[in-house]
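Descriptive analysis of the structure
In case you want the letters, here they are:
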Amino acid sequence: MELGRVISSLLSLGTKLLPAINEFSLQVPSSSSPAESHQIKTELKELMRLLEQIKATLYDAEERDIRDLSVKLWFKELREVAYNAEDVLDEYNYEILRAQVEEQDASPSDSRKRKQIQDGMLDQIQQIRNKFSEIAKDRVALQLLDEYGPRRRNNDMQIVPTSHFVIESDIIGREREKKELLDLLSFESQDDKIISVVAVVGTGGIGKTTLAQLIYNDHKIRQKFDKFGWVWVSDNFNVQSLTREVVESITRKSCCLANFSALQENISEEIRGKKIFLVLDDVWNESRSHWESFQIPFMSASLVKILVTTRNKHVARIMQTVPTFNLDYMSEQQCWQIFVHYAFGQVIQNTSSNLLEIGKQIVQKCGRLPLAVKSIARILRHESKEESWREILESELWESHASNEIFQHLQISYSRLPTYLKPCFLYCSMFPRDYCYNVEELVKLWIYQGYVQTNGLKSAEKIGSEYAKQLWQRSFFQGDFENKKIKLTLHGMVHDLARSISGHGCYSIEGNILPNFPEELYHLYVRRCIKILDPSPYPSVKISSLRTLIVDCDAENFLRAFDISKAKKVRALQFCFSIYSNSDFHISFVNFKHLRYLSLCKGHFERLPECICSFYNLQNLALDCCPYLCELPKSFGNLISLEELKISQCDKLKVLPMSFCKLTALRKFRLYKCHQLEELPHDMGKLMNLQYLLIYGTRVSSLPPSLNKKMGGLELHVTLECRGIGWLEDFVDLEGTLILSGLSHVSSLKDVHHANLASMHKLQRLILTWSHARSDISEDFDGNVLVLHIAGCDNEKLRIDLDDEEDSEIDARSIIIRLQPHPNLKELHIECYPDLFQTRLEMLPYMH
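For every chain, the first residue of the written sequence is number 1, and numbering continues from 1 along that sequence. Where totals are concerned, whole chains, interfaces and linings use all residues; where local detail is concerned, this predicted model gives features only for residues with pLDDT of at least 70, and gives and counts side-chain atom pairs only at 80 or more. The side-chain quantities take in all heavy atoms of the structure and omit both hydrogens and water.

**Overview of the overall build of the protein chain**
Think of it this way: any DSSP run of H or I at least four residues long counts as a helix, any run of E at least two long counts as a strand, and we number them from the N terminus. Assigned secondary structure in the protein chain consists of 26 helices and 22 strands. Partly exposed describes any residue whose relative accessible area lies between the buried limit of under 20% and the exposed limit of over 50%, with all areas from a 1.4 Å probe on protein chains only and scaled to the type maximum. When the 848 residues of the protein chain are sorted by exposure, 53% land in the buried category. Intrachain contacts of the protein chain at a sequence separation of at least 6 include 69% that bridge at least 24 residues. In the structure as shown, the protein chain presents an accessible area of about 38400 Å², 48% of it carried by carbon and sulfur atoms. Residues are treated as being in contact if the distance between any of their heavy atoms lies within 4.5 Å. Where accessible areas are quoted, they stem from the Shrake-Rupley method and a 1.4 Å probe; at the residue level, only the protein chains shown are allowed to cover.

Here it is in structure tokens:
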């Protein structure tokens with residue numbers, strides 16, 4: 001729920017601000033500042049107390065039947081005030097951060113300015129609290145309390161129970177799935193337990209219940225088992241009630257036993273020594289203890305096979321005893337057969353070719369979801385006009401009356417989502433219908449919108465990834481979540497469900513002409529070229545409300561049409577350019593006090609504008625494929641909140657600014673394919689929070705010695721081209737894997753000796769290779785990896801330095817002896833060792 005998310009964010013931000021207000025007021029040399037600071041804190045605490053009450057009302061109201069227009073207006077007013085409040089508190093936090101950056105250069109004028117900020121903050125908080133107080137009074141007048149209003153999930157959803165009865169002549173397809181499931185249920189081995197559970201998992205409307213009905217009524221099942229039961233479980237997994245329903249289903253008699261123990265004894269006696277087949281349809285239970293309690297009395301049977309249908313993979317893992325049976329979407333051919341059956345019946349031969357062609361396109365739009373095909377076909381069966389068919393084809397399906405039955409099934413899944421997952425799911429509707437989600441990037445956007453609730457025990461990234469996994473487990477996302485490079489999609493109907501719930505707050509532009517923007521526009525994604533250069537038909541107020549703006553191509557056309565400097569509330573900006581001049585670029589990026597995430601791709605600008613360094617709330621900056629970017633601003637270190645920085649494919653960037661090491665909040669730094677960059681800042685050890693460093697494709701030949709003290713908590717993925725390895729003597733705390741490649745290019749035994757690998761007591765794996773060809777060698781290992789490619793010429797006759805005590809040619813044996821590792825080393829790999837030296841490796845000193 002978006003509004004609930006904003007309220008939660010306000011409470012979190014208020015808690016963060018309380019201890020910072022005193023520090024800010026100390027920088028204001030005024031006798032009244034302590035009193036004003038106390039007053040601000042008092043007002044802020046009162047605001048937070050009021051927000052807690054409103055938050056409780058929101059979470060209660062979301063489960064109710066809210067149809068009254070006055071209630072909808074109340075929600076709209078509350079959302080506007082909540083957003084304004086979030087912006088006000090965020091701006092004050094911005095000023096606190098700015099005070100920290102400017103602390104060393106503070107002047108009397110700065111102090112007076114901070115005094116004005118403090119005074120303005122007090123006025124704004126008082127105004128917001130007054131508005132929230134008025135809204136809270138309206139809440140009572142509208143009877144938005146716990147004891148009022150019917151529950152939506154029992155009323156508006158109109159859930160229809162299922163049974164095992166089915167008209168098999170109406171079932172099309174699923175022959176293969178039926179056979180596979182029958183084989184799975186029929187298979188028995190010597191190790192089989194008494195109770196065997198098969199879980200069929202899939203999204204709503206995909207046909208899980210239909211498949212279970214076919215299995216339940218199949219003659220093979222009827223011949224194999226003695227007793228049968230079908231129970232529609234839904235979200236009511238009350239063990240006692242469920243046990244009673246199983247008793248009644250198996251015995252076909254009413255059961256009036258109220259005592260749970262008597263119920264379990266009843267079913268245990270009823271099935272003793274018999275073979276039982278039971279279907280539990282539409283299960284949502286995620287409690288392992290409830291499931292274990294339910295199945296105890298079934299141990300008296302000789303064999304129990306339970307077929308479970310669920311939309312949740314986690315539910316399946318709790319209950320199943322064999323691998324999950326994942327039910328996939330139907331083939332397009334089967335979906336067309338379903339459409340023909342329900343839309344045309346037996347008269348397809350008299351149907352016009354136009355209707356047939358439109359029908360095929362509608363089926364394609366349904367995305368192989370059988371329920372969607374069936375629901376729309378039933379409606380069109382009574383429509384003979386081509387215009388009616390085209391209306392469904394060309395309209396947003398979620399705005400069509402044809403969606404009622406489909407969304408009733410899908411919305412059940414949404415209504416049962418935990419509150420914290422709902423805004424994350426709805427946010428996905430900002431992207432196009434066929435969008436492929438990069439989970440890592442999506443989680444970042446969730447974080448910067450305030451959707452991820454941190455608890456101090458796990459990082460926001462890990463919690464956000466768990467959110468995505470939970471949505472996948474609940475069959476909202478499709479794809480292989482176990483894959484390292486996770487790419488997920490939303491089924492078209494599931495995307496339409498998100499769009500229908502979020503309204504037009506999340507929006508995507510995919511055509512060449514801008515449509516009329518909706519009234520409320522918070523998150524906007526632009527995929528295709530925007531050719532309109534005259535912004536007059538599109539008021540800037542709709543841009544000013546944006547929290548997210550992602551322009552995936554030809555961003556310069558969009559920026560020419562709209563003055564995005566008016567999007568002062570934006571939290572996430574992502575632009576993909578073709579050409580963009582530095583002057584225009586500078587004009588566009590001002591006043592983004594709330595910005596958390598900025599991604600610039602394919603920009604043809606030479607410098608980042610200095611104003612970017614005043615984005616004190618910025619937490620993530622990505623500069624991708626900016627071929628003309630030659631330098632970063634000198635005040636780059638002013639990005640006091642920057643936690644992640646990625647610089648890639650910026651070929652003209654030669655140096656990082658001296659202020660880089662002031663980025664004390666930086667946790668992750670990715671630097672790759674910047675082929676002109678020659679060195680890293682010497683004081684990188686001052687990056688006290690640095691946890692992840694990735695470098696490759698640069699001219700950097702060594703790591704700054706100051707980084708050694710970070711080795712214990714630094715995840716390292718670094719590949720360097722170097723002439724020598726002697727600088728490794730400063731990295732005695734190096735952990736993980738060290739790869740020395742191209743040892744045939746070594747030109748100094750003294751340099752090799754200085755590397756002093758024998759002192760690296762934490763090193764776990766050492767790889768020495770005389771080949772220089774394996775550029776992907778680091779991909780073979782997990783954990784910390786430092787790869788050093790020693791550069792040189794293969795035809796060069798290599799001798800040790802003149803200052804070296806030995807005066808002979810360098811050979812492989814002399815090199816490898818000087819690379820003796822610490823005895824703690826767990827693995828040693830030696831590759832491409834030259835045959836011409838005829839040296840027996842097992843005779844080397846540290847190989848014993």
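The structure having been displayed, the exposition proceeds.
**Considerations on the sheet that holds strand 4 (residues 303–310)**
We treat two strands as partners when DSSP finds at least two bridges between them. Spatial strand order, 2-3-4-1-5: five strands in an open sheet with parallel pairing. The sheet terminates laterally at strand 2 (227–234) and strand 5 (325–326), the two strands that pair on one side only. By the bridge criterion, seven bridges tie strand 3 (residues 275–283) to strand 4 in an arrangement that is parallel. Across the sheet, residue lysine 275 finds its bridge partner in strand 4, namely leucine 303.

**Some words on the nonpolar core**
Counting 93 residues, the largest nonpolar core has Ile647, Phe660, Phe669, Leu703 and Leu728 as the members making the most contacts within it. With residues near it in sequence (within four places) discarded, isoleucine 647 still touches Leu623, Leu632, Leu653, Leu656, Phe669, Arg670, Leu671, Tyr672 and Cys674. In terms of nonpolar packing, the next biggest core, distinct from the first, is built from 88 residues, Ile172, Tyr216, Phe339 and Val373 among them. By nonpolar core we mean a set of buried residues, namely Ala, Val, Leu, Ile, Met, Phe, Trp, Tyr and Cys, connected to one another through side-chain atoms within 4.5 Å.

**Observations regarding the pairing of strand 9 (residues 506–509)**
Alternating positions in strand 9 separate into two faces, Cys506 and Ser508 on one and Tyr507 and Ile509 on the other, with burial throughout. In the sheet, strand 9 pairs with strand 10 (residues 523–526) via four bridges, with the strands oriented parallel. The partner of isoleucine 509 across the bridge, within strand 10, is valine 526.

**Some remarks on the pattern of salt bridges**
What makes a salt bridge here is a side-chain nitrogen of Lys or Arg within 4 Å of a carboxyl oxygen of Asp or Glu, nothing more. Tallying each qualifying case throughout the model produces 35 salt bridges. A salt bridge links aspartate 87 to lysine 569; the nearest nitrogen and oxygen atoms lie 3.8 Å apart. In this pair, aspartate 87 sits in helix 3 (residues 69–101) while lysine 569 sits in the loop between helix 23 (555–561) and strand 12 (572–576), placing the two residues 482 residues apart along the sequence. We classify aspartate 87 as buried; its relative accessible area is 4%. Two residues, arginine 416 and aspartate 235, come together in a salt bridge whose shortest N-O distance is 3.7 Å. Residue arginine 416 is located in the loop between helix 17 (404–415) and helix 18 (422–427), and its partner aspartate 235 is located in the loop between strand 2 and helix 9 (239–251); the two are separated by 181 residues in the primary sequence. Among the residues examined, aspartate 235 registers a relative accessible area of 37% and is labelled partly exposed.

**Considerations on the sheet that holds strand 7 (residues 477–478)**
For sheets, the rule is that strands pair by backbone hydrogen bonds, running either parallel or antiparallel. Taken in spatial order, the three strands make up an open sheet running 6-8-7, and their pairing is antiparallel. The two strands at the open ends of the sheet, each matched to only one other strand, are strand 6 (436–438) and strand 7. Taken together, the two bridges between strand 7 and strand 8 (residues 487–490) define a ladder with antiparallel strand orientation. Counted as the bridge partner of glutamine 478 is threonine 489 from strand 8.

**Notes on the packing of helix 13 (residues 332–343) against helix 14 (residues 353–365)**
Contact geometry for helix 13 and helix 14: axes closest at 10 Å, N-to-C directions at 125°. Relative to helix 14, the element helix 13 lies oblique. In this structure, helix 13 meets helix 14 at a crossing whose hand is right-handed. Residues Cys335, Trp336 and Phe339 of helix 13 pack against Leu356, Gly359, Lys360, Ile362 and Val363 of helix 14. Think of it as three bins: nonpolar holds Ala, Val, Leu, Ile, Met, Phe, Trp, Tyr, Cys and Pro, charged holds Asp, Glu, Lys and Arg, and polar takes everything else, Gly as well. Class assignment of the residues belonging to the contact of helix 13 with helix 14 gives a composition of six nonpolar, one polar and one charged. Lines are fitted to the C-alpha atoms to define the axes, a helix being fitted only along its stretch in contact, and any angle between axes, read from their N-to-C directions, falls within 0 to 180 degrees. Oblique is the label for any angle not covered by the other classes, which are roughly parallel (under 35 degrees), roughly antiparallel (over 145) and roughly perpendicular (65 to 115). Take the far helix as the reference: if the near one is turned anticlockwise from it by less than a right angle, the crossing is left-handed, and if turned clockwise, right-handed.

**Observations regarding the environment of glutamine 361**
When you line up the elements, glutamine 361 lands in helix 14. Glutamine 361 sits in the partly exposed class, given a relative accessible area of 33%.

**Section: the packing of helix 19 (residues 439–448) against helix 20 (residues 460–473)**
A packed helix pair is summarised by two numbers, namely the angle formed by the two axes and the spacing between the axes. It is the contact of helix 19 with helix 20, at a shortest axis distance of 9 Å, that shows an interaxial angle of 115°. Compared by their axis directions, helix 19 and helix 20 come out roughly perpendicular. Where helix 19 crosses over helix 20, the handedness of that crossing is right-handed. Contacts between helix 19 and helix 20 involve Val439, Val443, Trp446 and Ile447 from the former and Ala460, Glu461, Gly464, Ser465, Tyr467, Ala468 and Leu471 from the latter. The class makeup of the residues in the contact of helix 19 with helix 20 is eight nonpolar, two polar and one charged.

**Here's the deal with the pairing of strand 13 (residues 597–601)**
The element strand 13 is extensively covered by neighbouring structure, given that five of its five residues are classed as buried. With burial as the criterion, each face of strand 13 is covered, one bearing Tyr597, Ser599 and Cys601 and the other bearing Leu598 and Leu600. In the sheet, strand 12 pairs with strand 13 via five bridges, with the strands oriented parallel. By the bridge assignment for strand 13, glutamine 574 is matched with serine 599. Taken together, the five bridges between strand 13 and strand 14 (residues 620–624) define a ladder with parallel strand orientation. Residue pairing in the sheet places leucine 600 in a bridge with leucine 623 of strand 14.

**Concerning the environment of phenylalanine 562**
Relative to the assigned elements, phenylalanine 562 resides in the loop between helix 23 and strand 12. Looking at phenylalanine 562, the relative accessible area reads 5%, which means it is buried. Sequence separation between phenylalanine 562 and isoleucine 543 is 19 residues; the distance between their C-alpha atoms is 8.0 Å.

**Examining helix 9**
With 13 residues, helix 9 extends 18 Å from end C-alpha to end C-alpha; this agrees with the ideal 18 Å at 1.5 Å per step. For helix 9, the set of buried residues is Val239, Leu242, Thr243, Val246, Val247, Ser249, Ile250 and Thr251. The inward-facing, buried residues of helix 9 abut strand 2, helix 10 (260–271), strand 3 and helix 11 (288–295). We define a polar contact as two N or O atoms separated by no more than 3.5 Å, with the added condition that, inside protein, one atom must be a possible hydrogen donor and the other a possible acceptor, whereas residues neighbouring each other in sequence contribute only through side-chain atom pairs. At the N-terminal boundary of helix 9, the capping side chain belongs to asparagine 238, with an oxygen 3.1 Å from the backbone nitrogen of glutamine 240. The span one expects for a helix is its residue count, reduced by one, times 1.5 Å.

**Topic: unusual backbone geometry**
A positive phi is found at arginine 174, a non-glycine position, where the angle reads about 70°. Position of arginine 174 relative to the elements: it lies in the loop between helix 5 (152–155) and helix 6 (175–186). For arginine 174, a relative accessible area of 4% gives the class buried. With a phi angle near 50°, cysteine 625 is a residue other than glycine that sits in the positive phi range. Looking at where cysteine 625 falls in the secondary structure, it is placed in the loop between strand 14 and strand 15 (644–648).

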